[in-house]
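Descriptive analysis of the structure
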Amino acid sequence: MSKYILSIDQGTTSSRAILFTKDAKVVDTAQQTFPQHFPNNGWVEHDPNDILQTVLSTCKTVLANNQVTAEQVIAIGITNQRETTLVWNKKTGQPIYNAIVWQDRRTSEYCEQIRSNKLSKKISDKTGLLLDPYFSATKIRWILDNVAGAQQQAQAGELAFGTVDSYLLWHLTAGKVHRTDATNASRTLLFNIHQQCWDEELLTQFNIPHSMLPEVMDSAAEFGSTSSELFGAPIKICAMAGDQQAALIGQACFKEGMAKSTYGTGCFLMLNTGDKALTSNNRLLTTVAYRLNGRVTYAIEGSIFMAGATMQWIVEGLKLLEHAGDSEAMVKDVPLDHGVFLVPSFTGLGAPYWDANARGAILGLTRDSGISTIVAAALQSVGYQTKDLQKAMEGDGLRPSILRVDGGMAKNNWAMQFLANILGASVERPALTETTSLGVAYLAGLQTGVYQSTEQLATMWQCDRRFEPTMNIDERNDLYAKWQHCIAQVTLSNNATKDDC
């Protein structure tokens, strides 16, 4: 009887279930999108029931379509949108508020109110992060402050907090298990990445009871088993990792200095720094890459909020395309220096700017500008933002000569060639671009003995296409200087607006 590994990939705009063979080949995928909710300017929410039901539905679909029983599934691995925050009642399992998504900026003012050099340094030293609305702690604080009776319930030990992985685990195990892994914990602003534990001083700072928090496990571990009612028999859950860390694993970036960049809803460039938690002087994040057998591997990360989401806006907001996949054919004849720049700061600017109040802009429009020009500018914005991260890493003495790419946008040859050009570096696309789900399949396989080591996993990585830079250095520098000018216009405009208020 054939055996499989099932990956749950719970993302910002959709949930997917991917069935893998033991030799890491994709058997089938089921995917469902769900609504995004924007109740106020800069707010982004999900209905937690949408998250849970799309996960359950896609898992059942992929098993049924391939006539695979629960007994044939060796293990489940879960990967997830990371900082997205849920708080639920421990007795009922019901959330007390919608999931507040990682993109959400509602706590910007709160962050400014409590910001001080002392607190910012303390947070950076302990967590490797910055005081920013992006992370979970301020989202928890908002829920406890704005849902009637929530703080009292939390103090009484009645509420649980979790990122999406913990919320799914709770429901998959019928409320028996409240756990997370070190990668997701490291994105909360509450986890000491050096001591590998929840930090009591930071919990006091944000007035968050310890009783709300999940137990922190290795990324490959015995997390629990699904309830029999869900799939007909229990299935072990043996892996959890935040989506970007899972992609790093799926890209087999196990050696110090290796880097990957994922182009999903956002863009996240992560570089393996081994057992050293390096501190960035350029506003990059220090984070847990993975924790295996109690041993921590760290990474430096740059986070961009809008990548695939920019193309989603081009399709759904501006309706310039019917499908994002049509963009490559549309822009193939557009010159790279067409003069139009799209700064997609719809929910603020991420690394290295960290401007929560910046908003999007299209600059350089002329009468000659058309749909294809704007679409090209949208695709190029992803390359320019990645260049921002590359320059920040260079400032920290880190510069990978090869960047492994994945995610939906990595399939666009035009965008990936521009990326290689603007970076002046080789870009490698793997045979399987959905490396996030592959990463937790690898982790589940390590935990169950399907795979023996990360060295074995590294030999399984396959390159589909390598993009080499063809742009001369003067042209590259000129384009990037123009991009930086546009960024300055957006941030100046934002500051002027704040000054006028």
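Chains are numbered independently. Their residues run from 1 in the order of the written sequence. A pLDDT threshold of at least 70 governs which residues receive local features in this predicted model, and a stricter bar of 80 or more applies before side-chain atom pairs are shown or counted, although totals over entire chains, interfaces and linings include all residues. Hydrogens and water are ignored here; the side-chain numbers use all heavy atoms of the structure.

A word on the sheet that holds strand β5 (residues 73-80). Whether parallel or antiparallel, the strands of a sheet pair through hydrogen bonds between backbone atoms. At least two DSSP bridges between two strands are needed for those strands to be called paired. Put simply, DSSP marks the helices as runs of H or I at least four residues long and the strands as runs of E at least two long, and each gets a number from the N terminus on. With respect to topology, 6 strands assemble into an open sheet ordered β3-β2-β1-β5-β14-β13, the strand pairing being mixed. Among the strands making up the open sheet, the edge pair consists of β3 (26-33) and β13 (220-225). Averaged over all adjacent pairs, the angle separating strand axes in this sheet is 25°, with direction ignored. Both strand β1 (residues 4-10) and β5 contribute to a ladder of 7 bridges, which runs parallel. Each bridged residue has a counterpart across the sheet, and for Ile-5 the counterpart in β5 is Ala-75. Helix axes are fitted only over the stretch in contact, all axes being lines through C-alpha atoms; the angle between N-to-C directions runs from 0 to 180 degrees.

UniProt positions are given in the numbering used here, feature names are shortened, and annotations may be inferred rather than shown by experiment. With numbering matched to this structure, UniProt assigns "binding site: glycerol" (unreviewed entry) to Arg-82, Glu-83, Tyr-134, Asp-243 and Gln-244. Mapped onto the elements of the fold, Tyr-134 is located in the loop between α3 (117-127) and α4 (136-146). You can call Tyr-134 buried: its relative accessible area is 0%. Residues within four places of Tyr-134 in sequence aside, it is in contact with Arg-82, Glu-83, Trp-102, Arg-105, Lys-139, Arg-187, Phe-268, Leu-285, Glu-301, Ser-303, Phe-305 and Trp-354. By the criterion applied in these results, polar contacts are pairs of N or O atoms within 3.5 Å in which, for protein atoms, one can donate a hydrogen and the other can accept it, and in which residues neighboring in sequence qualify only through two side-chain atoms. One polar contact links Tyr-134 to Arg-82, side chain to side chain, over a distance of 3.5 Å. Tracing the backbone shows Gln-244 in helix α10 (residues 243-250). Type-normalised accessible area, obtained with a 1.4 Å probe on protein chains alone, sets the label of each residue: buried when under 20%, exposed when over 50%, and partly exposed for intermediate values. Residue classification places Gln-244 among the buried positions, given a relative accessible area of 4%. Contacts are assigned to residue pairs with any non-hydrogen atoms lying within 4.5 Å of each other. Apart from the residues within four sequence positions on either side, Gln-244 is in contact with Arg-82, Lys-260, Thr-262, Phe-268, Met-270 and Glu-301.

Quick look at the packing of aromatic side chains now. Ring pairs are drawn from Phe, Tyr and Trp, using the six-membered ring of Trp, whenever the two centres fall within 6.5 Å, and their geometry is named by plane angle: stacked under 30 degrees, edge-to-face over 60, tilted for the rest. Taken as a whole and assessed by the stated rule, the structure comprises 20 aromatic pairs. Ring plane angle 15° and centroid distance 5.0 Å describe the contact between Tyr-384 and Trp-483, whose orientation is recorded as stacked. On the criterion of sequence distance, the pair formed by Tyr-384 in helix α13 (residues 371-395) and Trp-483 in helix α17 (residues 473-500) is long-range, its members being 99 residues apart. Joined through ring pairs, the aromatic side chains of Trp-102, Tyr-134, Phe-135, Phe-268, Phe-305 and Trp-354 make up one cluster. The ring of Phe-268 has Arg-82 sitting right over it, with the charged end atom 5.2 Å from the ring centre. We note Arg-106 situated over the ring of Trp-142; from NZ or CZ to the ring centre the distance is 4.5 Å. Counted as over-ring charges are cases with an Arg CZ or a Lys NZ within 6 Å of the ring centre that also lie within 35 degrees of the ring normal.

Given a helix with a known number of residues, its expected span is that number minus one, times 1.5 Å. The terminal C-alpha atoms of α13, which comprises 25 residues, lie 36 Å apart, in line with the 36 Å expected from a rise of 1.5 Å per residue. Note on bend: at a given residue it equals the angle between the axes fitted to the 7 residues ending there and to the 7 starting there. At Gln-380, α13 shows its largest kink, close to 25°. Counting buried positions over the 25 residues of α13 gives 20, a clear majority of the element. Once α13 ends, the next one or two residues include Gly-397, with phi positive near 80°.

Its domain assignment divides the chain into domain 1 (4-243) and domain 2 (252-500). Once you take the C-alpha centre of each, domain 1 and domain 2 turn out to be 24 Å apart. Listed as interface residues are 56 residues of domain 1 and, on the opposing side, 47 residues of domain 2. Buried area: the accessible area, evaluated with a 1.4 Å probe, that two parts lose upon being put together, summed over both parts. Carbon and sulfur atoms make up 61% of the surface buried where domain 1 meets domain 2, a total of about 3,800 Å² over both sides. Summed over the three residues of domain 1 that lose the most area to domain 2, namely Arg-105, Leu-130 and Asp-218, the buried surface amounts to 13% of that side. When a carboxyl oxygen of Asp or Glu is within 4 Å of a side-chain nitrogen of Lys or Arg, the pair counts as a salt bridge. Where domain 1 touches domain 2, the interface holds 4 salt bridges. Ionic pairing is found between Glu-434 and Arg-16, a salt bridge with its closest N-O pair at 3.2 Å. Each domain's limits were defined by an automated method or a database of domain assignments.

Another aspect to go through is the confidence of the model for the chain. Model confidence for the chain is summarised by a mean pLDDT of 92, while 98% of its residues fall at 70 or above. Ignoring residues within four places in sequence, the model shows residues 496-501, a span with pLDDT below 50, making 1 contact including any to other chains. Known as pLDDT, the predictor's per-residue confidence is scaled from 0 to 100.

Attention shifts here to the pairing of strand β8 (residues 159-162). Both faces of β8 are covered, namely the face carrying Leu-159 and Phe-161 and the face carrying Ala-160 and Gly-162. Direction of pairing for strand β6 (residues 86-89) relative to β8: antiparallel, over a ladder of 4 bridges. Residue pairing across strands places Asn-89 opposite Leu-159, the latter belonging to β8.

For the rest of this paragraph, the subject is the environment of Asn-66. Tracing the backbone shows Asn-66 in the loop between α1 (48-65) and β5. On the accessibility criterion, Asn-66 (25% relative accessible area) is partly exposed. Once the C-alpha coordinates of Asn-66 and Glu-215 are considered, the two residues, 149 residues apart in sequence, prove to be 35 Å apart. Those residues in contact with Asn-66 that sit more than four places away from it in its chain are Leu-19, Val-27 and Asp-28.

By the definition in use, this model includes 30 salt bridges. The closest approach of N and O atoms between Lys-126 and Glu-201, which form a salt bridge, is 3.2 Å. On the criterion of sequence distance, the pair formed by Lys-126 in helix α3 and Glu-201 in helix α8 (residues 200-206) is long-range, its members being 75 residues apart. You can call Lys-126 buried: its relative accessible area is 16%. Across the pair Asp-145 and Arg-141 runs a salt bridge whose closest N-O atoms are separated by 2.8 Å. Of this pair, Asp-145 and Arg-141 are both found in helix α4, 4 residues apart, which corresponds to roughly one turn of the helix. On the basis of relative accessibility, which here comes to 52%, the residue Asp-145 falls in the exposed class. Linked through salt bridges whose partners overlap, the residues forming this network are Arg-82, Glu-83, Arg-187, Asp-243 and Glu-301.

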